[in-house]
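Observations on the model geometry
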Amino acid sequence: MKNPTNSRQDIFIAGTETSAATVIWAMTYLMKNPKKLRKAQKEVRQAIEKKRFVKEEDIEQLPYLKAVVKETMRLQPAAPLLLPRESSQDCDFDGHKIPAKTTVYVDAWAIGRDPEVWGENPEEFKPERFRKKSIDLKGVDFGMIPFGAGRRMCPGINMGLVIVELSLANLLYAFNWEMPLGTKSEDLDMEALPGITMHKKNALCLMARKYVCE
Ligand code: HEM
């Protein structure tokens, strides 16, 4: 039986690494797309006004921010190959013979960029695509599965989504973001480190200026 300390550690790592990586990718995309950054900031500042802090109950008033999070998870799913599975018996998948006891990976990263599902320019960061396309992240719509699907999908999906949405909303509400002197947002790269969780290879360095609501 698994040691309970290890299980607690697994849950801690599964919950923090993934959420932190997603917030950093979202900020990277927004910095590379200043109009979308301003649009998300405008939405959150108009909704929150002088309340000084975005709370969980405010999130439903932020459809664009939610779309930014979805779009980030489509393009940079925190666990790009989900968790490995093992086939329990011989099977035939779309003409491919998979013997029993084979380790199988599902490429959630490639699924989220499939032009057959996402149309032209699937690589483009475009939160607006979720205005027309209602897509669920709970492993029902196979066009994007950042939390996996089926019996072993992420049990922390609700908490994970709220952590990412709340952190991002507060970062956008409370600060104006700029590139450090001598650097340009066009130079930001999207290189990722290999690993179960896909972290940004080069640290995202930004300058934060406190926003004061008048
Ligand atoms: C943005 C946040 C998160 C993302 C993107 C994410 C994504 C994932 C993915 C893709 C899997 C593998 C699912 C599969 O193979 O089908 C997974 C598994 C798991 N996640 Fe999350 N997760 C997040 C947050 C959390 C949180 C907050 C917790 C707990 C507090 C958590 C706990 C777990 C656990 C325990 C598993 C293993 C489930 C199993 O093997 O049965 N995750 N997660």
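Residues numbered from 1 in each chain as written. Predicted model: local features only at pLDDT ≥ 70, side-chain atom pairs only at ≥ 80, totals over all residues. Heavy atoms only, no water.

Our next topic: the coordination of the iron atom of the ligand. On the protein, Cys154 (SG) is the one donor atom to the iron atom of the ligand, at 2.3 Å. Along the polypeptide, Cys154 turns up in the loop between helix H6 (129–132) and helix H7 (157–174). (Donors = N, O, S within 2.8 Å, 3.2 Å for Na, K, Ca; no water. Helix = DSSP H or I, 4+ residues; strand = E, 2+ residues; numbered from the N terminus.)

Another point: the packing of helix H3 (residues 63–75) against H7. Close contact between H3 and H7 brings their axes to 10 Å; oriented N to C, the two are set at 120°. Classified by the angle between their axes, H3 and H7 sit oblique to one another. For the element pair H3 and H7, the recorded crossing hand is right-handed. Residues Leu65, Lys66, Val68, Val69 and Met73 of H3 form the contact with H7, whose participating residues are Leu161, Val164, Glu165, Leu168, Ala169 and Leu172. Its residues placed into classes, the contact of H3 with H7 shows 9 nonpolar, no polar and 2 charged. (Axes fitted to C-alpha atoms, helices over the stretch in contact; angles between N-to-C directions. Parallel < 35°, antiparallel > 145°, perpendicular 65-115°, else oblique. Left-handed = near helix turned anticlockwise from the far one by under 90°. Contact = heavy atoms within 4.5 Å. Nonpolar A, V, L, I, M, F, W, Y, C, P; charged D, E, K, R; others polar.)

A few words on the UniProt feature "transmembrane region" (unreviewed entry) in the protein. Mapped onto this numbering, the UniProt entry annotates "transmembrane region" (unreviewed entry) at residues 12–31. Overall, residues 12–31 shows 100% helix and 0% strand. The separation of its end C-alpha atoms is 29 Å. (UniProt positions renumbered as here; feature names shortened; annotations may be inferred.)

A few words on the environment of Met190. Within the secondary structure, Met190 is located in the loop between strand E5 (175–178) and strand E6 (207–210). Contacts of Met190, omitting those with residues within four sequence positions, involve Trp25, Thr28, Tyr29, Lys32 and Gln76.

Moving on: helix H2 (residues 34–48). Between its terminal C-alpha atoms H2 stretches 21 Å, which fits the 21 Å expected from 15 residues at 1.5 Å a residue. Along H2, the residues classified as buried are Lys36, Leu37, Ala40, Gln41, Glu43, Val44, Arg45, Ala47 and Ile48. One or two positions beyond H2, positive phi appears at Glu49, with a value near 50°. (Expected span 1.5 Å × (residues − 1). Buried < 20%, exposed > 50% of the residue type's maximum accessible area, 1.4 Å probe, protein only.)

This part takes up the site of the ligand. In the vicinity of the ligand, 24 residues are found, and the nearest of them are Leu83, Arg85, Pro146, Arg152 and Cys154. Ala149 has a polar backbone atom sitting 3.5 Å from an oxygen atom of the ligand. Broken down by secondary-structure element, the contributors of at least two residues to the shell around the ligand are helix H1 (4–32) and H7. Among the elements that take part in the shell around the ligand, H1 stands out by supplying 6 residues, more than any other. Taken together, the residues that form the shell around the ligand break down as 15 nonpolar, 7 polar and 2 charged. (Near = heavy atom within 4 Å. Polar contact = N/O pair within 3.5 Å; in protein donor to acceptor, adjacent residues only side chain to side chain.)

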